[in-house]
Amino acid sequence: MGYFEILEGKQKPRFLRLRGWKRVWRMLSSCRLCERRCGVNRLEGETGFCRVGKDFRVFGCHLHWGEEPELIPSGTVFLAGCTLNCCYCQNAPESIDYRLGMEITFQGFREVLKKLEREGARNINLVGGDPTPYIPQIFRALSGLKLRIPIIFNSNSYYSAESGRVLEKFVDLYLLDFRYWSDSCSERLSQAPEYAKAARRNLIRAKEAGDLLIRVLVLPGHLDCDAKPILEWVRRRLGKQVRINLMSQYRPCWHAHRYPEISRELTPEEWQEIKSYAEDLGFENILYS
């Protein structure tokens, strides 16, 4: 069932009947949850690129009013740690360093979700960092949980095909970034080899599996290498009616000053250029933010 189907159903209570959480949990024994496929045994204390272990660590849980109109108020859970290392991350260092998150139990995580629902959240919005390293933990925590509201997986799109198959069991709306088209850009700015390949695969599958909302954060100096080819591919492969949020919200945070072309905000001329480009492609369900 998709996000909007649940809302249109007046948010009737539903059990998340997720079977086989022990099998999903075993994915931590040779971790291939993200496209890096580190293969470490997180159940035995080994960690890979994201440094996330086997417990829950969060650095924020609250109603969020800064999302797209159809999502607010969003019950947002910020999970510590990330599969990327973006030099311009606005939530760093907590979003990148797993150790800076607050550890909570599985029952504590369930109580957080139920509390957000009681407070009027329209959805549960799992973000970070990135929620990908926590897919087995999330699956286990959600198993048997009774919620009225849909689940959003708010991700950088750098998760593996195996993770994608698990997500289909509980995700109602995929809120996915498409940040880079150029491999050299993704490696240089986010330490993410073959990012575009993973993102393309995951967006295609997400559109088939549930509702999809794509976020395209426009980076200064990266219109021709990233933003424009991303929009072209989305229009050609996913269609003109797919929901897109084209974002001008970039700010030079964290270590962005080390990279000259992104050590500034987007210029009005750049923003108008990419907006016009998107309009010429004929998208019918696009938000400019």
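Scroll up to find the structure.
Here goes a summary of the coordinates provided.

Cut-offs used in this document
Residues numbered from 1 in each chain as written. Predicted model: local features only at pLDDT ≥ 70, side-chain atom pairs only at ≥ 80, totals over all residues. Heavy atoms only, no water. Salt bridge = Lys/Arg side-chain N within 4 Å of Asp/Glu carboxyl O. Helix = DSSP H or I, 4+ residues; strand = E, 2+ residues; numbered from the N terminus. Buried < 20%, exposed > 50% of the residue type's maximum accessible area, 1.4 Å probe, protein only. Pairing = 2+ DSSP bridges. Axes fitted to C-alpha atoms, helices over the stretch in contact; angles between N-to-C directions. Contact = heavy atoms within 4.5 Å. Core = buried A, V, L, I, M, F, W, Y, C linked by side-chain atoms within 4.5 Å. Phe/Tyr/Trp six-rings, centres within 6.5 Å; stacked < 30°, edge-to-face > 60°.

## Some points on the pattern of salt bridges
Scanning the model with the defined rule gives 18 salt bridges in all. Residue E35 is joined to R201 by a salt bridge in which the shortest nitrogen-to-oxygen separation is 2.9 Å. Separated by 166 residues along the polypeptide, E35 in the loop between α2 (21-25) and β2 (56-64) and R201 in helix α7 (residues 195-209) bring together distant segments of the chain. For E35, a relative accessible area of 17% corresponds to the buried category. Its salt-bridge partner being K228, residue E273 comes within 2.6 Å of it at the nearest N-O pair. You can see E273 sitting in helix α9 (residues 268-281) and its partner K228 sitting in helix α8 (residues 223-238), a full 45 residues away along the chain. Judged by relative accessible area, which is 38%, E273 ranks as partly exposed. Residue class for K228 comes out buried when judged on its relative accessible area of 13%. Residues participating in the shared-partner salt-bridge network are D55, R57 and E103.

## Details of the sheet that holds strand β10 (residues 243-247)
Here we have nine strands laid out as an open sheet, ordered β4-β2-β3-β5-β7-β8-β9-β10-β11, and mixed in their pairing. The two strands at the open ends of the sheet, each matched to only one other strand, are β4 (102-104) and β11 (286-288). The average undirected angle you get between the axes of adjacent strands in this sheet is 25 degrees. Packing of helix α4 (residues 135-142) onto the sheet brings it into contact with β2, β3 (74-79), β5 (124-127) and β7 (151-155), and relative to β2 it is tilted by some 65 degrees. α7 rests against β8 (173-177) and β9 (211-217) of the sheet, and its axis sits at about 160 degrees to β8.

## Observations regarding the nonpolar core
Formed by 89 residues in total, the largest nonpolar core has its most connected members in Y88, F170, F178 and V234. A total of seven residues in this core trace back to one element, the largest contributor, which is α8. Those residues in contact with F178 that lie beyond four places of it in its chain are Y195, A196, A199, R200, L203, I214, R215, V216, I230, W233 and V234. L71, I152, L173 and L175 belong to the second largest nonpolar core, which has six residues in total.

## Points about the packing of aromatic side chains
Evaluation of the coordinates by the stated rule reveals 14 aromatic pairs. Judged by centre distance (6.3 Å) and plane angle (80 degrees), the ring pair of W271 and Y288 falls under edge-to-face. You can see W271 sitting in helix α9 and its partner Y288 sitting in strand β11, a full 17 residues away along the chain. Judged by its relative accessible area of 27%, Y288 falls in the partly exposed class. Ring-pair connections join several aromatic residues into one group, and the members of that group are Y158, F178, Y180, W181, Y195 and W233.

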